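# Chains, contacts and geometry: an overview
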Amino acid sequence: QVQLVESGGGLVQPGGSLRLSCAASGSIFSPNVMGWYRQAPGKERELVAAITSYGSTNYADSVKGRFTISRDNAKNTVYLQVNSLKPEDTAVYYCYHHAFDTGRQSWGQGTQVTVSS
């Protein structure tokens, strides 16, 4: 089992920035992918960005050029730098970990990002 702890959410004005962090602990195996989903009120959960243990990244079209995902494998931590925030980015952001070998997926508890003036 992998435990994920997110931090870094908050209230920010449009155009602002935040840095989300997700620290993983427990039975972490490579190769794996870690990333972020988000869920806004009344909407389905959607993939925001992901990064494999090899460093390959994937982004939702809506965040390309504004969000950057990175990871520190030594610390088992993934980061999401979110810039040029828009009100439509308001959501609960969930960190996830997916182990390729076992297919097991783990989720964090979520961190709220609110973009409002």
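Source: prediction; values computed, not measured.

## Looking at the environment of Tyr94
Structurally, the position occupied by Tyr94 is in strand β9 (residues 91-99). We classify Tyr94 as buried; its relative accessible area is 16%. For Tyr94 and Tyr37, which are 57 residues apart along the polypeptide, the C-alpha to C-alpha distance reads 5.1 Å. When sequence neighbours within four positions are dropped, the list of residues in contact with Tyr94 reads Glu6, Gly35, Trp36, Tyr37, Gln39, Arg45, Trp107, Gly108, Gln109 and Gly110.

## Details of the state of the cysteines
This model, assessed by the stated rule, comprises 1 disulfide. Sulfur-sulfur distance for the disulfide between Cys22 and Cys95 comes to 2.0 Å. Because the torsion about its S-S bond is -80 degrees, the bridge between Cys22 and Cys95 counts as left-handed. With Cys22 in strand β3 (residues 18-26) and Cys95 in strand β9, this residue pair connects regions lying 73 residues apart in the sequence. The buried category is assigned to Cys22, whose relative accessible area is 0%.

## Brief notes about unusual backbone geometry
Where the residue is not glycine, phi is negative for most of them; where a peptide bond is considered, it is trans in most cases. For Asn76, which is not glycine, the phi torsion reads 50 degrees and is therefore positive. The residue Asn76 is located in the loop between β7 (67-72) and β8 (77-82) in this model. A residue is classified by how much of its surface remains accessible, and Asn76, at 28% relative accessible area, is partly exposed. Its identity as a non-glycine residue notwithstanding, Ser84 has a phi of 50 degrees, on the positive side. Checked against the element boundaries, Ser84 lands in the loop between β8 and β9. Its relative accessible area of 41% is what places Ser84 among the partly exposed residues.

## Considerations on the side chain of Arg71
Assignment of secondary structure puts Arg71 in strand β7. Here Arg71 sits buried without a salt bridge, and the closest side chain of opposite charge, Asp72, lies 8.2 Å off (N-O distance). A polar contact of 3.4 Å, which involves the side chain of Arg71, links it to the backbone oxygen of Thr52. Within the structure, Arg71 has its side chain in polar contact with the side chain of Asn73 (distance 2.6 Å). What Arg71 contacts, discounting residues up to four positions off in sequence, is Asn32, Val33, Met34, Ile51, Thr52, Ser53, Thr77, Val78 and Tyr79.

How each quantity is defined
Residues numbered from 1 in each chain as written. Predicted model: local features only at pLDDT ≥ 70, side-chain atom pairs only at ≥ 80, totals over all residues. Heavy atoms only, no water. Helix = DSSP H or I, 4+ residues; strand = E, 2+ residues; numbered from the N terminus. Buried < 20%, exposed > 50% of the residue type's maximum accessible area, 1.4 Å probe, protein only. Contact = heavy atoms within 4.5 Å. Disulfide = S-S within 2.5 Å. Lys, Arg positive; Asp, Glu negative; His and termini not counted. Salt bridge = Lys/Arg side-chain N within 4 Å of Asp/Glu carboxyl O. Polar contact = N/O pair within 3.5 Å; in protein donor to acceptor, adjacent residues only side chain to side chain.

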